[in-house]
Amino acid sequence: MGSSPGTGRSKRAQFLRAVLPCLVPCLALTALESAPAVAQSLTPDLFNPNRGGFAAPETLPTRRTAGVPQAPSDALPALPDPNADPRRRQQQAPATSRVGQVPTYGLPAANGASGSGYDSLNRKRQQPKLYPGQPKPKRPPGPGSPPPPGTPVTTLGPPRIAPPPSETAHKTPVAPAMAGNVPGQPLRRRLKADDDAFGAVGDYAGSFLIKGGLELSAGYDTNPARLNKPVGSPAYVVAPDLLIQSDWERHALVADLRGSFNGYTNNMPATIDGLASPSPVEVDRPDFNGHVDGRIDVNRDLKLTSQLRLRLATDNPGSPNVQAGLQKYPVYAAYGTTLGFDQTFNRFQVAAGATVDRTAYTDSKLTDGSTFSNNDRDFNQYGGVGRFSYELKPGLKPFVEVQGDTRVHDQAADRNGYFRDSNGGYAKVGSSFEFSRILTGEVSVGYSARSYTDPRLSQLSGFLTAGSLIWNASGLTTVKLATDTQIAETTVAGSSGVLVHTYGIEVDHDFRRWLTAVGKFTYGTYDYQNQGRNDKTYSLEGNLIYKLNRNIWIKGTLRHDILDSNQAGSSSQGTVVMLGVRLQN
């Protein structure tokens, strides 16, 4: 039985693939036998290892022709100098012994890296030499270094209404000595930010900062005695002030002394309509208000506080306490002290103190040359005050304040036969707050009362308000609000005392840093208990201050005062115009 057609074709293909490789060389040799064989001649060029050694340079097809510049790639490399071989030089040099020597090969490893950079030999890095007093440089941040402290976000601080362009503008370079970045230079003490570019700088005496000023002004007052029928006079004012403040890390001592003297060149009439004038002939009035505050920091939470205070003044013009037929105003002095403590328990704070005060009047000098004693108006006051506050959150601290005192007069009965020794006090609630430095201050309301030993004098009581607010409306405008309530003594027969309420508002606006306008409005009420007399006072004042520099200011003042009384013939008005200069340091 024969094979299939497919199998026969496969065997013939395998046979042809085996025979063809043998036939091709045989046919090639047969063709070559017909041509003569020629041997290649041996020449020195065959042994030349250089480029172009198999052909002469003038016969090279890539030779350079005339007029064509030779490129660097066309240049043939020069033959190496056999005398430049370093191994041959070492063979010619005299042999030296290398026993005990460490061989070096070229540049040493990590040469110069021990001072800066990476050192593969792990040698100790050389530290830079520092000048005496030069601070040591900080290590650069790297793996394992703590993260830099982030800038704390503070909500308390001056409002950033519109920062001036000078903060981002290019500034003149500062010398290194002034900037304090000279190596070895002691650190300079950072100065506090100066909010007032034309404010007094002051001088240091040891660790105390002293600022002083003197204001001199002159003008005209249409009614200095506040009479029902005005009588005017030229006026002048001399007002010195002194501020002394300690600059200690612990404890504190502050002295604030301010005074003034209002002088008038004209005298008032001694009689009006044939009767003794209700105002003195000489209406010059001194005024001084000073206090010295001290604080001793026992520890972080306990502080001992103290205060010495002094007030020199006269009765207000137009007051019924002013005697008729006076030659000049009698001056009184109210001075005293307070000793207390301030203790903090976390957010709860307790402040308390004991007070001792004395008020004394000089004798009255009458127009007829005689004197009248005012000893019945002299008294001592002993009391105490306490405040309890709790800080709900930063900038908001509600409080409760309670005060009590006893007044003891030098004479049991006054000039009208009334016994004016009394006991009194007040209680009020309020809060101090500080909202982003835009609105700061303290507001409180309460009740005040005073009882007298004389049964003919009824209890003097009333609603009281006290507070002081500062509103920074903008970077140029500031609004101040103030209110106060007091119970004052009086010499009016049958009256227990005077309940005084005072309310004031002040607006300061800077047209320029050197030009400031100040507007003030004050409203007050005087309620004379059991006498049915009620006085109301209005005062509207405007000031324009031109600041030449930090030491000299020019100030102009215009003020109009109104006294409205329900007693006939007691109302009055007056206008004051003053122009002066302030000297300060």
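Conventions and cut-offs
- Residues numbered from 1 in each chain as written.
- Predicted model: local features only at pLDDT ≥ 70, side-chain atom pairs only at ≥ 80, totals over all residues.
- Heavy atoms only, no water.
- Helix = DSSP H or I, 4+ residues; strand = E, 2+ residues; numbered from the N terminus.
- Buried < 20%, exposed > 50% of the residue type's maximum accessible area, 1.4 Å probe, protein only.
- Contact = heavy atoms within 4.5 Å.
- Areas by Shrake-Rupley, 256 points an atom, 1.4 Å probe, with all protein chains shown as cover.
- Salt bridge = Lys/Arg side-chain N within 4 Å of Asp/Glu carboxyl O.
- Pairing = 2+ DSSP bridges.
- Patch = residues over 30% accessible without salt bridge, like charges linked within 9 Å, V, L, I, M, F, W, Y side chains within 5 Å.
- Phe/Tyr/Trp six-rings, centres within 6.5 Å; stacked < 30°, edge-to-face > 60°.
- pLDDT = per-residue confidence, 0-100.
- Core = buried A, V, L, I, M, F, W, Y, C linked by side-chain atoms within 4.5 Å.
- Polar contact = N/O pair within 3.5 Å; in protein donor to acceptor, adjacent residues only side chain to side chain.

**A look at the overall build of the chain**
Here is step 1 of the chain: Helix and strand content of the chain: three helices and 23 strands.
Here is step 2 of the chain: Scored against the burial criterion, the 585 residues of the chain give a buried share of 27%.
Here is step 3 of the chain: Sequence-distant contacts, at least 24 apart, represent 56% of the contacts inside the chain between residues at least 6 apart.
Here is step 4 of the chain: Element-wise, carbon and sulfur atoms account for 60% of the exposed surface of the chain, whose accessible area totals about 39100 Å².

**What to know about the pattern of salt bridges**
Here is step 1 of the chain: Tallying each qualifying case throughout the model produces 20 salt bridges.
Here is step 2 of the chain: Measuring nitrogen to oxygen at the nearest pair gives 3.0 Å for the salt bridge that ties Asp357 to Arg309. Of this pair, Asp357 sits in strand 10 (residues 348-361) while Arg309 is found in strand 8 (residues 302-313), placing the two residues 48 residues apart along the sequence.
Here is step 3 of the chain: For Asp357, a relative accessible area of 19% corresponds to the buried category.

**Section: the pairing of strand 9 (residues 332-345)**
Here is step 1 of the chain: In this structure, strand 8 lies alongside strand 9, joined through twelve bridges in antiparallel fashion. Bridging across to strand 9, Arg309 finds its partner in Gly336.
Here is step 2 of the chain: The pairing of strand 9 with strand 10 spans 14 bridges and is classified as antiparallel. Across the sheet, Gln343 pairs through a bridge with Val350, a residue of strand 10.
Here is step 3 of the chain: Counted along the chain from strand 9 to the antiparallel partner strand 10, the turn is two residues long, and its residue Asn346 has a positive phi close to 55°.

**Re unusual backbone geometry**
Here is step 1 of the chain: Not every positive phi belongs to a glycine, and Arg226 is a case in point at roughly 55°.
Here is step 2 of the chain: Positioned with a positive phi, Asn530 is a non-glycine residue whose angle comes to about 65°.
Here is step 3 of the chain: Along the chain, Asn530 falls in the loop between strand 20 (515-528) and strand 21 (533-547).
Here is step 4 of the chain: Judged by its relative accessible area of 42%, Asn530 is partly exposed.

**Quick word on the environment of Gln411**
Here is step 1 of the chain: Turning to its location among the elements, Gln411 is positioned in the loop between strand 14 (396-409) and strand 15 (422-435).
Here is step 2 of the chain: Sequence separation between Gln411 and Asn375 is 36 residues, and the spatial gap between their C-alpha atoms is 6.9 Å.

**Considering a nonpolar patch on the surface**
Here is step 1 of the chain: Residues Phe345, Phe348, Phe388, Tyr390 and Leu392 make up a contiguous nonpolar surface patch of roughly 500 Å² in combined accessible area.
Here is step 2 of the chain: With relative accessibility at 40%, the residue Tyr390 sits in the partly exposed group.

**Remarks on the packing of aromatic side chains**
Here is step 1 of the chain: Evaluated as defined, the whole model comprises six aromatic pairs.
Here is step 2 of the chain: With 6.5 Å between their ring centres and 40° between their planes, Tyr236 and Phe261 make a pair best called tilted. Here Tyr236, found in strand 3 (residues 233-246), pairs with Phe261, found in strand 4 (residues 252-264); they are 25 residues apart in sequence, far enough to count as distant.
Here is step 3 of the chain: Ring plane angle 40° and centroid distance 5.2 Å describe the contact between Tyr332 and Tyr361, whose orientation is recorded as tilted.

**Comments concerning the pairing of strand 3**
Here is step 1 of the chain: The pairing of strand 2 (residues 208-221) with strand 3 spans 14 bridges and is antiparallel. Note that in strand 3 the partner of Ala218 across the bridge is Tyr236.
Here is step 2 of the chain: Examined bridge by bridge, strand 3 and strand 4 share nine bridges and lie antiparallel to one another. By the bridge assignment for strand 4, Leu243 is matched with Asp256.
Here is step 3 of the chain: Between strand 3 and the antiparallel strand that follows it, strand 4, lie five residues; His251 among them carries a positive phi value of about 65°.

**Overview of the confidence of the model for the chain**
In low-pLDDT regions, the fine details of the predicted coordinates are not to be read closely.
Here is step 1 of the chain: When pLDDT is averaged across the chain, the result is 82; 71% of the residues are at 70 or more.
Here is step 2 of the chain: Per-residue pLDDT stays below 50 along residues 26-35; that stretch engages in zero contacts with residues further than four places along the chain or on separate chains.

**Thoughts on the nonpolar core**
Soluble globular proteins tend to bury their nonpolar side chains together.
Here is step 1 of the chain: In terms of nonpolar packing, the biggest core is built from ten residues, these being Ala225, Leu227, Ala235, Tyr264, Met268, Val283, Val322, Leu326, Tyr329 and Leu366.
Here is step 2 of the chain: Setting aside its immediate chain neighbours within four residues, Leu366 contacts Gly325, Leu326 and Gln327.

**Some points on the side chain of Thr338**
Here is step 1 of the chain: Of note, Thr338 is situated in strand 9.
Here is step 2 of the chain: Here Arg309 takes part through its side chain, which lies 2.8 Å from a polar atom of the side chain of Thr338.
Here is step 3 of the chain: The contact partners of Thr338, leaving out residues within four places of it in the chain, are Thr305, Ser306, Gln307, Arg309, Gly353, Ala354 and Thr355.

**Here we look at the side chain of Ser495**
Here is step 1 of the chain: The residue Ser495 is located in the loop between strand 18 (477-488) and strand 19 (498-512) in this model.
Here is step 2 of the chain: Here Gly497 takes part through its backbone oxygen, which lies 3.4 Å from a polar atom of the side chain of Ser495.

**Description of the environment of Gln245**
Here is step 1 of the chain: Structurally, Gln245 is set in strand 3.
Here is step 2 of the chain: C-alpha of Gln245 to C-alpha of Ala255: the two residues are ten residues apart in sequence and 6.5 Å apart in space.
Here is step 3 of the chain: Beyond its immediate stretch of four places on either side in the chain, Gln245 contacts Ser207, Phe208, Leu209, Leu253 and Val254.

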